Amino acid sequence: MDGSGSTSNPVVISATGALPTTGCGLTGDGSDEAPLTVAVGAWPYACDIAASSTGVYCDPATGQLRGEPKPYSSSSSQFFSQTFSPPLPGPTGINETIATFCATFVNPDPCRPATLIVSREVDITVDLGPNSAIETGQTGDNMTRVRNLSNQTYQGWHDQNTKVLGQGFVAPGASVDVCFDATAGRSEGTTNITSVQGILRAFFFTR
């Protein structure tokens, strides 16, 4: 900037150096006639752009433009096994707990909350005496009932059942404890539970 601002010596603003070199979608030279602009496409979706679009951000370390974190999904499993020696007599109540399984799962996304879906699997093995019956299930739900109508012992009968349940949102990088019960009940005659196995599978999905 030069000049005093008088009629004989007006203020003059001058620029030196070359015009900016553009690329990677930038056009224009920065002047009033050709401002720098970014080449963008038309919004191709039915939803509102202001409500549904994501952002673009400047990396403070490198100055590079960055987009939203990439979507993330993961899965992990925990396996459990318990043998009863001597065998556990079948309970006569309803949905009585014979084993409890717990596992801790961690949201692997450090940026966003994740939806957690859990698959719970139970396998209960029972020896059924003559004219006996038993129900098996998990956490308050008697899912299977079996009856041995013969006059001989049926050894090694087993029931395998699975439930898939939503567990809500888990905060970024946070852990959550998931537990469930293997159950049996309404036993008649001679029923002996010899073993129980459980599997917890966790599936994380970020938005």
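Shown above is the structure to which this text applies.
Treat the numbers as computed from the prediction; the structure is a model and nothing was measured.

Draft legend 1. Examining the overall build of the chain more closely. Helix and strand counts for the chain come out as one helix and twelve strands. For the chain, the sequential pattern of α-helices and β-strands runs β-β-α-β-β-β-β-β-β-β-β-β-β. Against the globule reference of 17 Å for 207 residues, the chain gives a C-alpha radius of gyration of 34 Å, more extended than a compact globule. Here the chain holds 207 residues, and 28% of them are scored as buried. In the chain, the share of contacts with a sequence separation of at least 24, taken over all contacts with a separation of at least 6, comes to 73%.

Draft legend 2. Just a nonpolar patch on the surface, in detail. The grouping of Leu-26, Val-38 and Val-40 at the surface amounts to a nonpolar patch, some 290 Å² of accessible area in total. With respect to the helices and strands, Val-40 occurs in the loop between β2 (37-38) and α1 (49-52).

Draft legend 3. Inspection of the state of the cysteines at higher detail. Per the stated rule, a full pass over the model turns up one disulfide. As a non-bridged cysteine, Cys-111 has Cys-58 as the owner of its nearest cysteine sulfur, 17 Å distant. Since its relative accessible area comes to 47%, Cys-111 is described here as partly exposed.

Draft legend 4. Quick peek at the side chain of Asn-107. Tracing the backbone through its elements, the reader meets Asn-107 in the loop between β6 (96-106) and β7 (114-128). One polar contact links the side chain of Asn-107 to the main-chain carbonyl oxygen of Val-170, over a distance of 3.2 Å. Side-chain polar atoms of Asn-107 contact the backbone oxygen of Ala-171, separated by 3.1 Å.

Draft legend 5. Summary view of the sheet that holds β6. Across the sheet, four strands lie side by side as β6-β11-β8-β9; this open sheet has antiparallel pairing. Edge positions in the sheet fall to β6 and β9 (141-148), since each of these pairs with one other strand and no more. Ignoring strand direction, the axes of neighbouring strands in this sheet form an average angle of 15 degrees. Bridge count for β6 against strand β11 (residues 175-188) is ten bridges, and the pairing is antiparallel. Pairing of Thr-104 across the sheet is with Asp-177, part of β11.

Draft legend 6. Representation of the nonpolar core within the structure. One finds Ile-124, Ile-134, Ala-182, Ile-193, Val-196 and Leu-200 to be the most contacted residues of the largest nonpolar core, which totals 27 residues. Listed by contribution, the elements that provide at least two residues to this core are β5 (73-89), β6, β7, β10 (154-170), β11 and β12 (191-206). The element best represented in this core is β7, accounting for seven residues.

Draft legend 7. Local environment of the packing of aromatic side chains. The final tally for this structure, using the stated rule, is three aromatic pairs. Residues Trp-43 and Tyr-45 carry aromatic rings whose centres are separated by 5.0 Å and whose planes lie at 75 degrees to one another, so their mutual orientation is edge-to-face. What makes Trp-43 partly exposed here is its relative accessible area of 34%. With centroids separated by 5.0 Å and ring planes inclined at 20 degrees, the aromatic side chains of Phe-80 and Phe-101 adopt a geometry described as stacked. One end of the pair, Phe-80, is in strand β5; the other, Phe-101, is in strand β6, and 21 residues separate them in sequence. Comparing Phe-80 with Phe-101 shows no difference in burial state: the two are buried. A connected cluster of aromatic rings, assembled from ring pairs, spans Phe-80, Phe-101 and Phe-180.

About the thresholds
Residues numbered from 1 in each chain as written. Predicted model: local features only at pLDDT ≥ 70, side-chain atom pairs only at ≥ 80, totals over all residues. Heavy atoms only, no water. Helix = DSSP H or I, 4+ residues; strand = E, 2+ residues; numbered from the N terminus. Rg over C-alpha atoms; globule rule 2.2 N^0.38 Å. Buried < 20%, exposed > 50% of the residue type's maximum accessible area, 1.4 Å probe, protein only. Contact = heavy atoms within 4.5 Å. Patch = residues over 30% accessible without salt bridge, like charges linked within 9 Å, V, L, I, M, F, W, Y side chains within 5 Å. Areas by Shrake-Rupley, 256 points an atom, 1.4 Å probe, with all protein chains shown as cover. Salt bridge = Lys/Arg side-chain N within 4 Å of Asp/Glu carboxyl O. Disulfide = S-S within 2.5 Å. Polar contact = N/O pair within 3.5 Å; in protein donor to acceptor, adjacent residues only side chain to side chain. Pairing = 2+ DSSP bridges. Axes fitted to C-alpha atoms, helices over the stretch in contact; angles between N-to-C directions. Core = buried A, V, L, I, M, F, W, Y, C linked by side-chain atoms within 4.5 Å. Phe/Tyr/Trp six-rings, centres within 6.5 Å; stacked < 30°, edge-to-face > 60°.

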